[in-house]
Each structure stands twice: as C-alpha cells, then as structure tokens.
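Listed below are the residues making up each chain.
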Amino acid sequence: MPLCKIHHGFLQTVQLLLALIIIGPLLSWTSLAAEESNNPISIEGQVQVPQGITLSEGLDVVLIKFVLDPSGEVVPAGPVGRTKTDDTGRFRFEDPPRDDRAGYRLGTRFEGNLYSSEVFFMRPEQQLITVDIRLPSTSFDTSALVFTESSLFFESNIDQLIVTEVISVQNPTEDNILSTQSPLLMELPNAHENFRVLEDGPETYQQEGNQLRWTRGFPPGDTQLLFQYTIPVFLGSHSLQKRYAHPLDRVSVFTPAKRLDVNSSQLTFQGNQTFGDVDFLAWRAQASDASLLEIRISNIPVDSRNYAFVSLAVFLTLLLAVGWFFWRRMPRTGLVKNS
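Description of the pattern of salt bridges
- Within this structure, the stated rule accounts for eight salt bridges.
- In this structure, the salt-bridge partner of K84 is D60, at a minimum N-O distance of 3.0 Å. Of this pair, K84 sits in strand β3 (residues 74-84) while D60 sits in strand β2 (residues 60-68); the two residues are 24 residues apart in sequence, bridging distant segments of the chain.
- Classification of K84 by relative accessible area gives partly exposed; the value is 49%.
- For D60, a relative accessible area of 38% puts it in the partly exposed group.
- For K65, the salt bridge identified is with D99, shortest N-O distance 3.3 Å. With K65 in strand β2 and D99 in the loop between β4 (90-94) and β5 (103-110), this residue pair connects regions lying 34 residues apart in the sequence. D99 shares its class with K65; the two are buried.

A short note on the nonpolar core
- Ranked by internal contacts, the top residues of the largest apolar core, which has 40 residues, are F154, L161, W214, F227, L293 and I295.
- The residues contacting W214, other than those within four sequence positions of it, are S179, P183, L184, M186, V197, D200, T204, Y205, L225 and F227.
- One finds A102, I129, I133 and L135 within the second-largest nonpolar core, a separate group that totals 20 residues.

Looking at the pairing of β4
- Side chains F91 and F93 of β4 all project onto a buried face; the interleaved residues R90, R92 and E94 project onto a face where none is buried.
- Where strand β1 (residues 42-48) lies against β4, five bridges are found, and the strand directions are antiparallel. Of the residues in β4, the one forming a bridge with I43 is F93.

Focus on unusual backbone geometry
- Positive phi is not limited to glycine here, since D95 has a value of about 50 degrees.
- Here D95 shows up in the loop between β4 and β5.

What to know about the pairing of strand β24 (residues 292-298)
- On β24, burial follows the alternation: L293, I295 and I297 on one face are buried, whereas L292, E294, R296 and S298 on the facing-out side are not.
- Here strand β19 (residues 238-243) pairs with β24 via six bridges, running antiparallel. For S239, the partnering residue across the bridge sits in β24 and is R296.
- In terms of strand pairing, strand β21 (residues 261-263) meets β24 through three bridges, oriented antiparallel. Each bridged residue has a counterpart across the sheet, and for D261 the counterpart in β24 is S298.

Examining the layout of surface pockets
- A volume near 190 Å³ is recorded for the second largest pocket.
- Looking at the second largest pocket, the residues that line it are E187, L188, P189, N190, A191, N210, H238, S239, L240, Q241, R243 and L292.
- Sort the elements by how many residues they give to the lining of the second largest pocket and β19 lands first, with five residues.
- Here the residues of the lining of the second largest pocket are counted per class, giving five nonpolar, five polar and two charged.

Reading the values: rules and limits
- Residues numbered from 1 in each chain as written.
- Predicted model: local features only at pLDDT ≥ 70, side-chain atom pairs only at ≥ 80, totals over all residues.
- Heavy atoms only, no water.
- Salt bridge = Lys/Arg side-chain N within 4 Å of Asp/Glu carboxyl O.
- Helix = DSSP H or I, 4+ residues; strand = E, 2+ residues; numbered from the N terminus.
- Buried < 20%, exposed > 50% of the residue type's maximum accessible area, 1.4 Å probe, protein only.
- Core = buried A, V, L, I, M, F, W, Y, C linked by side-chain atoms within 4.5 Å.
- Contact = heavy atoms within 4.5 Å.
- Pairing = 2+ DSSP bridges.
- 1 Å grid on protein atoms, 1.4 Å probe; cavity = no way out; pocket = protein on both sides within 12 Å on 5 of 7 lines; lining within 4 Å.
- Points joined across faces, edges and corners; volume = space filled by probe spheres on them.
- Nonpolar A, V, L, I, M, F, W, Y, C, P; charged D, E, K, R; others polar.

In structure tokens:
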C-alpha cells in the first residue's frame, strides 16, 4: 500500500546533501582531482552513553559512505568498515578506504535503536579523525512529544472501508522518551475491525476496545506510527467520526482518485498527489476548536447478494400497500338490523 512516509532523518539528509554539494568540489580541487587519496588515515571515537548506563559488551560500529548519484541525490554507497567498541565504548578504524569527495557517518545499534554520528569528510591532509556517537538519555516525560501530522488513507474492499493511519510524532528534546510509564493514547473509530500495527512489534502497543496505548521509545527527531483497520459498511457508504487530541488542521485525508467519494464540511480539497504509481486525491482539515472530524465516505463497492433481503422487504412492503389500497376500495356489504 502506498503511504506518505516521512523519514525521521530528513534534516540530516539535507545537511549531508548541502555538504556534499559545497565541500565535495573543494576537496576534489585540493586533492588535485584524485578521486581517492592514498594517504593512510585512522578514525577513532567513543560511543557516549548516558550516566547510569554501562556497556556490558562491545557494540558494533559501522562506517557508512555517502555519495552524490548522477541525478544529484545523496545515496549510501554501503558500509566501508566495521569494528567493535571496548567496554568503555571506544573504537578505532585503521586505514579504512577513503574517498576525499564522499561524506561519511558512523552508526551503531543500542537496545534496538539505531544511532549515528554527525556527517564528516576525510580531507587529504588528515591522518586522524575523531568522531563520537552520542546515545541520548532516557526520559519518561511524554508531554514533550508533539503530534505534527496525522494522515488518513481511505481505500475499499467489497462492503468494507480500509483505513490506514500515519501519525508523525516529534521528539524535540535530546532524550529518548519512553512512553512505558505514561502511555501515549489514541482513539480508534467505533465498529473498527482487523486492527494491526505496521512496522512495530506487539510489545510497543496495547489495544483495548477503541483505545490505543503506545508503550514504546521515541528517539530525538520524528517517529512515524503506522496502523490499519477495516470498517464494515452498509449500502456502500459510511459516516466516519474520528477524535483527535491535537488541532484538526494537522490532519490530511487521501483516497485513490475515481474510486471513493469523500464529503465533509471540515475538509478543504488540496488537489492530486501521487504516491508510488497511485494517483490520490488530497484534503486538508480546516482549523477549528473542535476535536471531532466527521467524514462521509461513499461509492464503496457492495455485494448485491448481501442485500437480497432489502429487495425482498421492499417487494413485500409494496405488495402489502397495494393489497391495503384495494381492500379499502372494496364495497362493504353486511346485514342490516331492523330497529
């Protein structure tokens, strides 16, 4: 299913792109147009952990190279080195392959999350580069989290509305915020079925009726929550009511073009958007003090066999109405008693 997914490292990618565009040519000139330098180089640093956390074993540290492709986009050229930290978190790369016009970043994984260093370059005159990877501290203050964007994707099946929600949550702090003590709460629509979370394990959420509780970590930057459910519909339409804990003007609605009809006085049409190979129609919710978004979705495909009883009921109703009409018009005859 095509989804409008925003990568949480977008800003870092932009910085890397600008750095490669601006610094890359300068480095290539100073290296006399040589693509790779033969000068040996070492890279050392430390995985810095928050106070109170110890590394019981070494962590894998990967050196990743980034280059500009022919279209001018930043693409990873793959890992070019790998090493392990000692029990203090220190690591060292000896004479890794170097490209004076490429950008580099160090990455490691800790407790299931991926952390990376700042972008750096291997300048021709350098023989030693020191780069650290900082692991964020842990916080349980979920009030610092900000809902920046909520997207509703409507698709359909026979007698069924398929809803995919993409929620962007921003952590503006430098801490890794855990919602295990104060779960992040969301409300699901009534009568939803077949609920499932995409790209997250079952230990990161709990669903009870219409309430969704997130018990997971939110690293600094943007995190996306993706989940999907279906809603059974009657006679090809459904009136959806969705309550939000943030302003409605952060809500966008998408549906494949020429398939479903969306109607709501709270939405403003934004035009067409293409995700993958699918053309979507897009709406944006209007700013409002209300927290309840109401949308009517129609033109959902139906199985006519499921509504045979409706036709039978209509036929019997008409038959009874005709019978009643003629019965009322029939002449009345009976015995007349003499007074």
